Amino acid sequence: MIRFKVKSKKEMGELAATYYVRQLEKKKDSLFAFATGSTPIPLYDELVRLYNEGKVDFSEVRTVNLDEYVGLDVKNENSYRSFMDKNLFDRVNIKKDNTVLPDGMAEDVDKACALYSAKLAELGTRDIQLLGIGNNGHIGFNEPSDGLSARTFAVTLTESTIAANSRFFASQDEVPKKAMTMGMAEIFDAKLILLLVSGKAKHDVLDAAINGPVTTQNPASLLQLHPNVVVIDATENDE
Ligand code: GLP
């Protein structure tokens, strides 16, 4: 695991973007797994900037995403599909057909999870898996628990995650109670895992994930077992 400490979110985004630029120079049709939340926004902004300068081309890029809320229509501004469209896909020359997220509106959620797993297997190993970290150590929506799932599954969100994510919704009641998330084996099926962490509030959970014991009670700690993880740590201050 390599850990870069940076001074600001902007620097975090710029450093993270260099991995995508290098990867796209090697392979135009790279396969990326993207993440949502406020943390990756500086990366997406930087990728858009580089795209506008003609330095990256997304025309052949294929993407999957870590997770999606259950029960939010794709048109709902809080769905992760809307988030990705707004923050990245609508701003660059990616083909929407090449962007895949779990189907949060499926009638049969378990079947939709199995279909998503099958899609991930069909697409193969991700070139870069992007991750943020929840306040409780969750990655994707793999919440702390006695056991973790290997494959995509429907998860009941913890109260602390619902409370943390309520800042994007009109009220806490509107936050979906369930989500679909890639499982741990699927997150691990990547040549490079890029973990972005910003804000002082995440310092301790990141420290526990990197230096503490590997435990399902802090899902991010399992990243210690992956051979190629880069952490870009902007937790020194809130800027
Ligand atoms: C959500 C997402 C995670 C993300 C986390 C942290 O729960 N499912 O993928 O890492 O929020 O979000 P933020 O970056 O806004 O702190």
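Residues numbered from 1 in each chain as written. Predicted model: local features only at pLDDT ≥ 70, side-chain atom pairs only at ≥ 80, totals over all residues. Heavy atoms only, no water.

For the protein, the count of helices and strands is seven helices and ten strands. Its C-alpha atoms give the protein a radius of gyration of 17 Å, within 12% of the compact-globule value 18 Å for 239 residues. In terms of overall dimensions, the protein has a C-alpha envelope of 45 × 40 × 35 Å along the principal axes. The long-range share in the protein, meaning contacts at least 24 apart out of those at least 6 apart in sequence, stands at 78%. By element, 50% of the accessible surface of the protein is carried by carbon and sulfur atoms, the whole surface being about 10,700 Å². Of the charged side chains in the protein, 28 are positive and 35 negative, and the gap between their average positions amounts to 5 Å. (Helix = DSSP H or I, 4+ residues; strand = E, 2+ residues; numbered from the N terminus. Rg over C-alpha atoms; globule rule 2.2 N^0.38 Å. Contact = heavy atoms within 4.5 Å. Areas by Shrake-Rupley, 256 points an atom, 1.4 Å probe, with all protein chains shown as cover. Lys, Arg positive; Asp, Glu negative; His and termini not counted. Charge placed at Lys NZ, Arg CZ, Asp CG, Glu CD.)

Mapped onto the elements of the fold, Arg 81 is located in helix H3 (residues 80-87). Setting aside anything within four residues of it in sequence, one finds Arg 81 in contact with Glu 68, Val 74, Phe 89, Lys 96, Thr 99, Val 100 and Leu 101.

Moving on, we come to the site of the ligand. Every one of the 15 residues lining the ligand counts as a neighbour, but Ser 38, Thr 39, Asp 67, Arg 167 and Lys 202 are closest to it. A distance of 2.7 Å is found between an oxygen atom of the ligand and a side-chain nitrogen or oxygen belonging to Lys 202. Isolated, the ligand exposes 390 Å² of accessible area, and the fraction of that covered by the protein chains is 94%. (Near = heavy atom within 4 Å. Polar contact = N/O pair within 3.5 Å; in protein donor to acceptor, adjacent residues only side chain to side chain.)

With parallel pairing, the seven strands of this open sheet are ordered in space as S1-S10-S9-S6-S2-S3-S5. Of all the strands in the sheet, the pair left with one neighbour each is strand S1 (2-5) and strand S5 (99-100). With four bridges connecting them, S1 and strand S10 (residues 229-234) associate as parallel partners. Within the sheet, the bridge partner assigned to Ile 2 lies in S10 and is Val 230. With respect to the sheet, helix H7 (residues 203-211) is in contact with S1, strand S9 (190-198) and S10, its orientation differing from that of S1 by roughly 155 degrees. (Pairing = 2+ DSSP bridges. Axes fitted to C-alpha atoms, helices over the stretch in contact; angles between N-to-C directions.)

Right, let's get into H3. The buried fraction of H3 amounts to seven of the eight residues, a majority that puts the element mostly inside the structure. Taken residue by residue, H3 has Tyr 80, Arg 81, Ser 82, Phe 83, Met 84, Asp 85 and Asn 87 as its buried positions. Those residues of H3 hidden inside the fold are in contact with strand S2 (31-34), helix H2 (41-52), strand S3 (62-65), strand S4 (67-69), S5 and helix H5 (159-165). (Buried < 20%, exposed > 50% of the residue type's maximum accessible area, 1.4 Å probe, protein only.)

With that settled, the discussion passes to the packing of aromatic side chains. Applying the stated criterion to the full structure yields ten aromatic pairs. Aromatic ring contacts, followed pair by pair, group Tyr 20, Phe 32, Phe 34, Tyr 44, Phe 83 and Phe 89 into a single cluster. The ring of Tyr 19 has Arg 22 lying over it, and the distance from NZ or CZ to the ring centre is 5.1 Å. (Phe/Tyr/Trp six-rings, centres within 6.5 Å; stacked < 30°, edge-to-face > 60°. Lys NZ or Arg CZ within 6 Å of the ring centre and 35° of its normal.)

Tracing the chain through its elements places Ser 221 in the loop between H7 and S10. Classification of Ser 221 by relative accessible area gives buried; the value is 0%. Here the alpha-carbon distance between Ser 221 and Leu 196, two residues 25 residues apart in the chain, equals 14 Å. Not counting the four nearest positions on each side in its chain, Ser 221 is found in contact with Ala 209, Pro 213, Val 214 and Thr 215. From its side chain, Ser 221 meets the backbone oxygen of Asn 218 in a polar contact 2.7 Å long.

As a further point, take the sheet that holds S4. Strands sit in the order S4-S8-S7 across an open sheet of three strands; the sheet is antiparallel. In the strand order of this sheet, the two ends are held by S4 and strand S7 (153-156), each with one partner. Neighbouring strand axes in the sheet, compared pairwise and without regard to direction, differ in orientation by 30 degrees on average. Pairing of S7 with strand S8 (residues 178-181) involves four bridges; the strand directions are antiparallel. Bridging across to S8, Val 155 finds its partner in Ala 179. Strands in contact with helix H4 (residues 109-123) are S7 and S8; relative to S7, the strand with the most contacts, it is inclined by about 130 degrees.

With that settled, the discussion passes to the pattern of salt bridges. Summed over the entire model, instances satisfying the criterion amount to 14 salt bridges. Among the salt bridges present, the one from Asp 233 reaches Arg 3, with a minimum N-O distance of 2.9 Å. Taken together, the residues span a long stretch of sequence, with Asp 233 in strand S10 and Arg 3 in strand S1 at a distance of 230 residues. A residue is classified by how much of its surface remains accessible, and Asp 233, at 3% relative accessible area, is buried. Overall, Arg 3 belongs to the partly exposed group, its relative accessible area being 26%. It is possible to trace a salt-bridge network through shared partners that takes in Glu 46, Arg 49, Glu 53 and Lys 55. (Salt bridge = Lys/Arg side-chain N within 4 Å of Asp/Glu carboxyl O.)

Geometric descriptors of this kind do not, in isolation, establish any biological role.
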